[in-house]
Amino acid sequence: MKSDEVLALARDRFVSGERVEMNELAALVGVNRSTVYRRFHGRDGLLGEVIWSLTEMTMDAAARRASGEGGARVASMMREFAVRANGAQYFRDFFAREPERAWRLMTTKAGGVHPRIVDRVADFIDGEVLAGRLVPPLPVPDLALILVRITETFVYANVISGEEPDSEKVAQACRAMLSVREDAVIG
């Protein structure tokens, strides 16, 4: 099957703020709708893959821009990730268009995106630990989960509490969790 083509078309539609429709994508690629459903396990599976592909690029950019070392570098990466996530209009459009689905796909284990984000953050933390620049205050998987949840709290603040998203609060909370001084360079 032309999975890469389906994913690319779905990503283009998603980024453009359009609703991703399985029937339309199958027709454009020239495959049966049921084939697309089986490959991606339904619309939610396809959307999860689209969201992850965009999130992965966002996380890679955040990791490249992170400054400092140890806990300061981890806090900087989380801030950079929040800045980029907050700036992604397509995520805001998705939340406006399909709030329950967006919340489920982006922040729960069932959506497949959240566990991958936690794993990527854990890998980033592990890099600082292995370099001898960080002694984590918790086991790395737990720390990564908490840092991701902190980030979600401030990235999705408008959905959770009606407040504006705030990347600086992500940095402050992550620094506090990692026992990083306020004056440490983070970005």
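Above this text sits the structure in question.
Every value quoted in this text rests on a predicted model; they were computed, and no experiment measured them.

K.L.:
Provide a residue-level description of the nonpolar core, including the pertinent values.
P.N.:
Counting residues in hydrophobic clusters, the biggest one holds 56 residues, and the most contacted among them are Phe 14, Leu 46, Val 121, Ile 125 and Leu 147. If we ignore the near neighbours within four places in the chain, the residues touching Leu 147 are Val 74, Met 78, Ile 125, Cys 174, Met 177 and Leu 178.

K.L.:
Help me get a handle on the packing of helix 2 (residues 22–29) against helix 3 (residues 33–40), residues and values and all.
P.N.:
Here helix 2 crosses helix 3 at 110°, and the two axes come no closer than 8 Å. Relative to helix 3, helix 2 is oriented roughly perpendicular. Here the hand of the crossing between helix 2 and helix 3 comes out right-handed. For the pair helix 2 and helix 3, contact is made by Met 22, Asn 23 and Ala 26 and by Arg 33, Val 36 and Tyr 37, respectively. Considering only residue class, the contact of helix 2 with helix 3 consists of 4 nonpolar, 1 polar and 1 charged.

K.L.:
For helix 9 (residues 140–155), give the residues involved together with the corresponding values.
P.N.:
Here helix 9 contains 16 residues, and its C-alpha end-to-end distance of 22 Å stays within 8% of the 22 Å for a straight helix at 1.5 Å per residue. All of the buried residues in helix 9 are Val 140, Leu 143, Ala 144, Leu 147, Val 148, Ile 150, Thr 151, Glu 152 and Val 155. Looking at the buried side of helix 9, the elements it contacts are helix 5 (71–86), helix 7 (99–107), helix 8 (114–130), helix 10 (157–160) and helix 11 (167–177).

K.L.:
Residues and numbers for unusual backbone geometry, please.
P.N.:
Even without a glycine there, the phi angle at His 41 is positive, about 60°. Relative to the elements of secondary structure, His 41 occurs in the loop between helix 3 and helix 4 (43–65). With a relative accessible area of 70%, His 41 lands in the exposed category. In this structure, Ser 179 takes a positive phi of about 55° despite not being glycine.

K.L.:
Could you give an account of the pattern of salt bridges, naming the residues involved and the relevant values?
P.N.:
Applying the stated criterion to the full structure yields 19 salt bridges. A salt bridge links Asp 44 to Arg 101; the nearest nitrogen and oxygen atoms lie 2.5 Å apart. Linking Asp 44 in helix 4 with Arg 101 in helix 7, this pair joins segments that are 57 residues apart in sequence. Among the salt bridges present, the one from Glu 80 reaches Arg 84, with a minimum N-O distance of 2.7 Å. Of this pair, Glu 80 and Arg 84 are both found in helix 5, 4 residues apart, which corresponds to roughly one turn of the helix. Classification of Glu 80 as buried rests on a relative accessible area of 2%. The exposure class assigned to Arg 84 is partly exposed, which follows from its relative accessible area of 24%. Taken together, the shared-partner salt bridges connect Arg 19, Glu 21, Arg 43, Asp 44, Arg 97, Glu 98, Arg 101 and Arg 104 into one network.

K.L.:
Before we move on, could you go through the environment of Pro 99 and cite the residues and values that matter?
P.N.:
Tracing the backbone shows Pro 99 in helix 7. Counting along the chain gives 36 residues from Pro 99 to Ala 63, while the straight-line C-alpha distance between them is 28 Å.

Definitions and limits used
Residues numbered from 1 in each chain as written. Predicted model: local features only at pLDDT ≥ 70, side-chain atom pairs only at ≥ 80, totals over all residues. Heavy atoms only, no water. Core = buried A, V, L, I, M, F, W, Y, C linked by side-chain atoms within 4.5 Å. Buried < 20%, exposed > 50% of the residue type's maximum accessible area, 1.4 Å probe, protein only. Contact = heavy atoms within 4.5 Å. Axes fitted to C-alpha atoms, helices over the stretch in contact; angles between N-to-C directions. Helix = DSSP H or I, 4+ residues; strand = E, 2+ residues; numbered from the N terminus. Parallel < 35°, antiparallel > 145°, perpendicular 65-115°, else oblique. Left-handed = near helix turned anticlockwise from the far one by under 90°. Nonpolar A, V, L, I, M, F, W, Y, C, P; charged D, E, K, R; others polar. Expected span 1.5 Å × (residues − 1). Salt bridge = Lys/Arg side-chain N within 4 Å of Asp/Glu carboxyl O.

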